[in-house]
Amino acid sequence: MKKRVGFIILCSALISLLLAPWAQVEAAPPGIRTNAVGASLIDVESGRILYSEKGDTPMRIASLTKIMTAIIAIEQGKLNDKVKVSKTAFGKEGSSIYLKLGEEMRLHDMLYGLMLRSGNDAATAIAENVGGSVEGFVYLMNEKARSLGMDHSHFTNPSGLDEGEGHRSSPNDMAKLTAYALKNPVFKEIVSTKLKKVPNPNEAWDYSWLNKNKMLSLFEGADGVKTGYTKLAKRCLVSSATRNGQQLAVVTLNDGDDWADHARLLQYGFTYYPLQTIVNKGDAVEGTPWVAGRTFSYPLAEGEAAQLTHQVKLVDPSSTAYRLAERGSIQFSLQQQLIQSVPLYDKASPLLQAQSQSTFSFQESKPYQETLLTHYSLICRMLIQELFSISRSEWAD
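The name an unreviewed UniProt entry assigns to the protein is D-alanyl-D-alanine carboxypeptidase, from the organism Paenibacillus chondroitinus.

In C-alpha cells form, the structure reads like this:
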C-alpha cells in the first residue's frame, strides 16, 4: 500500500513539473506560421506589431511599392490636376492600365488604376507629375521612408519593378507604411474599392478597373490593400480588415499561399489581440485636476492588461506646451516599455470637445469569436475564388 501511494505521489510530482511551464504561459496567444519568407501583422491604430517573421530583413517587394507611391501622390499632389502620359510612362513594361501616349487623366482617377490594376504606366506618370521626374519622386519616397522610421527600406523606382539593385523594404517597414497610409481617407477609399469606372477620352466607353486584391471578397471585413508579383520577388501581398472597430494589416513577402495565410493571420490578430480602450478623451485622471486629452486604445492579449502601468508627468509652466494648454501627460507602459503618452488638459479647456468625464479605467473589449458557420463560409469563398482565379501573369508588374 505504501509503495502504491509513493508511486502516485511521484507520478503527481512529475505531472506537475511537466505542466508547470504550460501553466505560466497559458494566457499567451498560440504560435502561428505562414508560408511566407517574411511576414508582419500590425494593429493599424496603435502601430503595434503583433506577429513578425524576418520582420527587419530587407527584401524585394514588387508592386507593394505602390503603397508609397500612392500616399506621396495623395499628400503632395493635387488630386484634380491632369496627369499627362509621357513616352517613358507609355512604354513602361509589365502590368498596365493601357494609357495612351499624351493622354491626360485626373491624378485622383489615375491613383485607382495604380492601386486596383497595379499599372506601371500610371506609377511612372504619377511620379513624373508629382516629383517633376522619376528621380525627383524617388527622392521623396526615401525621405518619406526616413520620416516614418522605415530603417530597412530603400526605393529606386515608383513601380516596384526589378530594375537594378537596391530596391528593398522589410515586412515590418511595409506594415508601418501601410498603417500610416490607411489613416488617410483618400487612400483608404481607393484601396477598399472593388470596381472603379473612370472616363476614357479615347473610346466611347469608360475605363473599368476590377481590383486584383481577392482578399476584399475572401475575408469578412477586408478593406485593402495591394497585390504584387515579379519573377524575383514572387507573390507579395498587403491586406487589411476591420472588425469591431479594430483595423489590422498583414504583409507577406514571397508567399505562395498568401490568400490563406492572410486570412489566418487576420483572424489570429482579431481573436488574440482585440483592441481595448485604456482611457477615453475627457476622462478625469485620478490624483490630478486634469483630464485625458485624447482616447487611447491598444491591442492586448489575454493577461497583458495586468502588466500595464502608468505615470503622470507635469509640463513646465514656463514652456510653450503649457501656454498651449497642455498641463502634463499620462504615460502608459507595457512590460516596462513606453507605448503611449496622452496629454492632459484642464477640464474646461477649449481643446476638449464636450464629453462625459469619469475617472478613467481599463475597459476590456470582447474578442472576436469565430463561429463554425463563418469558418466554413471563409473556406468555401477561398475555394471558389481559387477555382476562378486569375492567371499568374496578371500579377506581373
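There is more to say, and it comes next.
Enquirer: Got a minute to help me understand the side chain of Lys66 in this structure?
Expert: Tracing the sequence through the fold places Lys66 in helix 2 (residues 65-76). Judged by relative accessible area, Lys66 falls into the buried class, the value being 0%. Among the polar contacts listed, one links the side chain of Lys66 to the backbone oxygen of Ser118, at a separation of 2.8 Å.

Enquirer: Before we go on, may I ask you to explain the confidence of the model for the protein in this structure?
Expert: Any region with low pLDDT has predicted coordinates that should not be read closely. Within the protein, residue pLDDT values average 87, and 82% of them lie at 70 or more. Predicted confidence for residues 1-26 stays below pLDDT 50, and this span has zero contacts to residues more than four positions away or in other chains.

Enquirer: Looking at this structure, how should I read unusual backbone geometry?
Expert: Where the residue is not glycine, phi is negative for most of them; where a peptide bond is considered, it is trans in most cases. Here the amide bond leading from Gly224 into Val225 is cis, since omega sits at 15°, within 30 degrees of zero. Inspection of the secondary structure assignment puts Val225 in strand 7 (residues 222-230). Phi at Asn254 is positive, roughly 55°, even though this residue is not glycine. Summarising the element assignment, Asn254 is placed in the loop between strand 9 (246-253) and helix 10 (258-272).

Enquirer: Explain the pattern of salt bridges to me, please; I cannot follow it from the model alone.
Expert: Any two side chains of opposite charge can pair, so long as their charged atoms come close to each other. Evaluated as defined, the whole model comprises 13 salt bridges. When the shortest N-O distance is used, the salt bridge between Lys92 and Glu163 registers 3.0 Å. Taken together, the residues Lys92 in the loop between helix 3 (87-90) and strand 4 (104-106) and Glu163 in the loop between helix 6 (134-147) and helix 7 (171-181) connect sequence positions 71 residues apart. We note a salt bridge from Glu165 to Arg168, for which the minimum N-O separation is 3.2 Å. With relative accessibility at 59%, the residue Glu165 sits in the exposed group.

Enquirer: Explain the packing of aromatic side chains to me, please; I cannot follow it from the model alone.
Expert: Given two aromatic rings, their pairing is described by the distance between the two centres and the angle made by the two planes. Applying the stated criterion to the full structure yields five aromatic pairs. For the ring pair Phe296 and Tyr298, a centre distance of 5.9 Å and an interplane angle of 50° mean the geometry is tilted. In this structure Tyr298 comes out as buried when scored by relative accessible area, which is 7%. Cation over ring: Lys196 sits above Tyr112, and NZ or CZ is 4.4 Å from the ring centre. The side chain of Arg327 reaches across the aromatic face of Tyr322, ending 4.0 Å from its centre.

Thresholds, definitions, all that
- The residue numbering used here restarts from 1 in each chain and proceeds along that chain's sequence as written.
- In keeping with the model being predicted, local features are shown solely for residues with a pLDDT of at least 70 and side-chain atom pairs are shown and tallied solely at 80 or more, while totals for entire chains, interfaces and linings include all residues.
- Excluding hydrogens and water, the side-chain figures rest on all heavy atoms present in the structure.
- Put simply, DSSP marks the helices as runs of H or I at least four residues long and the strands as runs of E at least two long, and each gets a number from the N terminus on.
- Partly exposed describes any residue whose relative accessible area lies between the buried limit of under 20% and the exposed limit of over 50%, with all areas from a 1.4 Å probe on protein chains only and scaled to the type maximum.
- N or O atoms closer than or at 3.5 Å make up a polar contact, with two conditions inside protein: a donor-capable atom paired with an acceptor-capable one, and, for residues adjacent in sequence, both atoms drawn from side chains.
- How sure the predictor is of each residue is captured by pLDDT, a score from 0 to 100.
- Contacts are assigned to residue pairs that have any heavy atoms within 4.5 Å of one another.
- Salt bridge, as used here, is a side-chain nitrogen of Lys or Arg placed within 4 Å of a carboxyl oxygen of Asp or Glu.
- Only the six-membered ring of Trp is used, alongside the rings of Phe and Tyr, when aromatic pairs are assigned; centres must lie within 6.5 Å, and planes under 30 degrees apart are stacked while those over 60 apart are edge-to-face, with the rest tilted.
- In this scheme, the term charge over a ring applies when either NZ of a lysine or CZ of an arginine sits within 6 Å of the ring centre and within 35 degrees of the ring normal.

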